[in-house]
Amino acid sequence: MSFLLNPFKKLYDLIDGFVLIMLAAIAVALAAPELGTGDGPLHLGLVTSLGVALVFFLHGAALSRDKLVAGAKHWRLHTFVQVFTYVVFPLIGAALMFALHDQLPADLLLGVFFLCALPSTVSSSVAMTSMARGNVPGAIFNATISGLIGMALTPLLMGLVISASGASMPLGKALTGVALQLLLPFALGQLARPVIGAWLGRHKAITSKIDRGVIVLIVYSSFCDATAEGLWHQYSWQTIASVMALAAVLLFAILATTTFVARRLGFAIEDEITAVFCGSKKSLANGIPMAKILFAGHPALGLLVLPLMVYHQLQLIVCSVMASRYANREQIEGAVARA
């Protein structure tokens with residue numbers, strides 16, 4: 001009997017309560033999306049924004065200035081992330097457009113390239129890196145600088161594929177948003193470090209639980225918004241299936257490549273975590289406003305952003321599971337060794 005149950009025990013050892021909670025949140029979002037939309041009864045748009053600000057405040061209070069400076073100086077890690085974000089990703093997107101131009105609609109393939117040209121996420125990259133016990137200062141630096149670079153580079157990359165003449169990005173507004181929601185709470189945390197830094201050092205579990213809670217809220221709210229907007233019913237199942245397959249292939253190819261290259265470069269496990277999470281994600285928060293500007297008046301706007309929306313959902317699920325596994329790496333290695 002124990003022999004028959006052993007495979008299930010191994011599976012249970014690899015799945016913790018966080019993953020189960022996240023899957024439950026997705027199920028609730030698919031069944032009753034109206035409750036958790038950004039402007040719904042729970043006001044999760046505001047709640048998640050405050051949650052992200054709290055995460056950055058706590059990280060600011062917990063990080064010593066020496067570690068922060070050391071993280072900013074890690075040029076190999078920063079180069080790695082930005083090259084994957086703005087060179088490797090667009091090259092893969094261009095290759096997919098060329099290879100599949102006879103199989104899929106042109107607008108859908110253009111949306112795939114748009115996805116590949118976008119900057120990395122900020123909030124979820126940092127939260128997942130922290131949860132996975134990675135290089136948080138490096139994640140904050142890379143995720144933030146990626147968004148700033150993308151404001152100029154993403155339209156430029158799209159301009160190489162389509163004629164986007166006359167398009168302009170609201171640079172000032174975007175910079176203000178990043179400063180207020182992310183950099184300001186982090187700076188305030190740094191200022192509060194002499195008061196609460198030692199206490200946070202003794203209670204690291206609190207920061208970890210808040211990180212995980214914010215991730216669950218982001219996943220839940222994201223799925224609620226997508227479901228309420230009819231993402232899963234607006235298009236034929238063949239189109240959704242094609243986009244899901246493309247998104248899955250793209251995500252797993254990037255995750256495998258970033259992991260492989262980071263290890264070949266000799267990155268420490270903490271830097272590998274940051275490289276994988278920051279180098280594989282794409283920002284829905286930046287992508288949708290950019291799409292509305294770059295593709296203003298385009299009759300197929302929904303189809304153009306569909307790959308981004310599907311990839312966004314998939315990256316949250318997969319990277320959350322990966323973050324949980326990274327966080328429990330000692331326990332998992334021990335369970336495998338005992339098997």
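Further up the page is the structure itself.
Definitions and limits used
Residues numbered from 1 in each chain as written. Predicted model: local features only at pLDDT ≥ 70, side-chain atom pairs only at ≥ 80, totals over all residues. Heavy atoms only, no water. Buried < 20%, exposed > 50% of the residue type's maximum accessible area, 1.4 Å probe, protein only. Helix = DSSP H or I, 4+ residues; strand = E, 2+ residues; numbered from the N terminus. Salt bridge = Lys/Arg side-chain N within 4 Å of Asp/Glu carboxyl O. Patch = residues over 30% accessible without salt bridge, like charges linked within 9 Å, V, L, I, M, F, W, Y side chains within 5 Å. Areas by Shrake-Rupley, 256 points an atom, 1.4 Å probe, with all protein chains shown as cover. 1 Å grid on protein atoms, 1.4 Å probe; cavity = no way out; pocket = protein on both sides within 12 Å on 5 of 7 lines; lining within 4 Å. Points joined across faces, edges and corners; volume = space filled by probe spheres on them. Nonpolar A, V, L, I, M, F, W, Y, C, P; charged D, E, K, R; others polar. Phe/Tyr/Trp six-rings, centres within 6.5 Å; stacked < 30°, edge-to-face > 60°. Lys NZ or Arg CZ within 6 Å of the ring centre and 35° of its normal. Contact = heavy atoms within 4.5 Å. Axes fitted to C-alpha atoms, helices over the stretch in contact; angles between N-to-C directions. Parallel < 35°, antiparallel > 145°, perpendicular 65-115°, else oblique. Left-handed = near helix turned anticlockwise from the far one by under 90°. Polar contact = N/O pair within 3.5 Å; in protein donor to acceptor, adjacent residues only side chain to side chain.

### Observations regarding helix α7 (residues 123-131)
No. 1: The buried fraction of α7 amounts to 8 of the 9 residues, a majority that puts the element mostly inside the structure.
No. 2: Within α7, burial applies to Ser124, Ser125, Val126, Ala127, Met128, Thr129, Ser130 and Met131.
No. 3: Downstream of α7 by one or two residues, Arg133 has phi in the positive range, about 65 degrees.

### With respect to the pattern of salt bridges
Opposite charge on two side chains allows them to pair when their charged atoms are near.
No. 1: Within the structure shown, the criterion is met by 1 salt bridge.
No. 2: Linking Arg263 and Glu272 is a salt bridge whose minimum nitrogen-to-oxygen distance equals 3.1 Å.
No. 3: Exposure remark for Arg263: the relative accessible area of 53% places this residue in the exposed category.

### Comments concerning a nonpolar patch on the surface
No. 1: A cluster of nonpolar side chains, namely Leu180, Leu184, Leu188 and Leu191, defines an oily patch on the protein surface of about 400 Å² accessible area.
No. 2: Inspection of the secondary structure puts Leu180 in helix α9 (residues 171-202).
No. 3: In this structure Leu180 comes out as exposed when scored by relative accessible area, which is 56%.

### Describing the layout of surface pockets
No. 1: There is about 650 Å³ of room inside the second largest pocket.
No. 2: Contributing elements (two or more residues each) for the lining of the second largest pocket: α3 (44-62), α4 (65-72), α7, α8 (136-159), α9 and α10 (204-228).
No. 3: Partitioned by chemical class, the residues of the lining of the second largest pocket number 8 nonpolar, 10 polar and 5 charged.

### Observations regarding the packing of aromatic side chains
The description of an aromatic ring pair rests on the distance of the ring centres and on the angle between the ring planes.
No. 1: Under the defined criterion, the tally for this structure stands at 4 aromatic pairs.
No. 2: A centroid spacing of 4.8 Å and a plane angle of 35 degrees characterise the contact between Phe80 and Phe84, whose relative ring orientation is tilted. Here the residue Phe80 and the residue Phe84 both occupy positions in helix α5 (residues 75-99), the gap between them amounting to 4 residues, near one helical turn.
No. 3: Chaining the aromatic ring pairs together yields one cluster made of Phe80, Phe84 and Phe267.
No. 4: It is Lys282 that lies over the ring of Tyr86; its NZ or CZ is 5.9 Å from the centre.
No. 5: Here the basic side chain of Lys282 rests over the ring of Phe89, its NZ or CZ set 4.2 Å away from the ring centre.

### As for the environment of Ala143
No. 1: Counting through the fold element by element, Ala143 comes out in helix α8.
No. 2: C-alpha separation for the pair Ala143 and Thr121, spaced 22 residues apart in sequence, amounts to 6.1 Å.
No. 3: Residue contacts for Ala143: discarding those within four places in its chain leaves Thr121, Val122, Ser125 and Val126.

### Topic: the packing of α7 against α10
No. 1: Two elements in contact, α7 and α10, have axes separated by 9 Å at closest approach and are oriented at 140 degrees. Classified by the angle their axes make, α7 and α10 are oblique. Between α7 and α10 lies a crossing whose hand is left-handed. The segment α7 lies against α10, with Ser123, Ala127, Met128, Ser130 and Met131 engaging Asp211, Arg212, Ile215 and Ile218.
No. 2: Grouping the constituent residues of the contact of α7 with α10 by class yields 5 nonpolar, 2 polar and 2 charged.

### Some points on the side chain of His74
No. 1: Tracing the sequence through the fold places His74 in the loop between α4 and α5.
No. 2: One polar contact links His74 to Asp271, side chain to side chain, over a distance of 2.8 Å.
No. 3: Those residues within four positions of His74 in sequence are excluded, and the remaining contacts are Asn135 and Asp271.

### Points about the packing of helix α6 (residues 106-117) against α8
No. 1: Relative to each other, α6 and α8 sit at 150 degrees, their axes nearing to 9 Å. The angle between the axes of α6 and α8 places the two elements in the roughly antiparallel class. Classified by chirality, the crossing of α8 by α6 is right-handed. Counting all contacts with α6, which are made through Leu110, Phe113, Phe114 and Ala117, the residues of α8 involved are Thr154, Leu157 and Met158.
No. 2: Grouping the constituent residues of the contact of α6 with α8 by class yields 6 nonpolar, 1 polar and no charged.

### Quick look at empty space enclosed by the protein
No. 1: Tallied over the full model, the rule gives 1 cavity of 30 Å³ or more.
No. 2: The space that makes up the largest cavity amounts to roughly 50 Å³.
No. 3: Along the walls of the largest cavity sit Leu108, Val112, Leu115, Val243, Leu246, Ala247, Leu250 and Pro307, which together make up its complete lining.
No. 4: Of all elements in the fold, only α6 and α12 (237-264) reach the threshold of two or more residues within the lining of the largest cavity.
No. 5: Per-element accounting of the lining of the largest cavity gives the leading share, 4 residues, to α12.

Treat this as a map of the structure, not an account of what it does.
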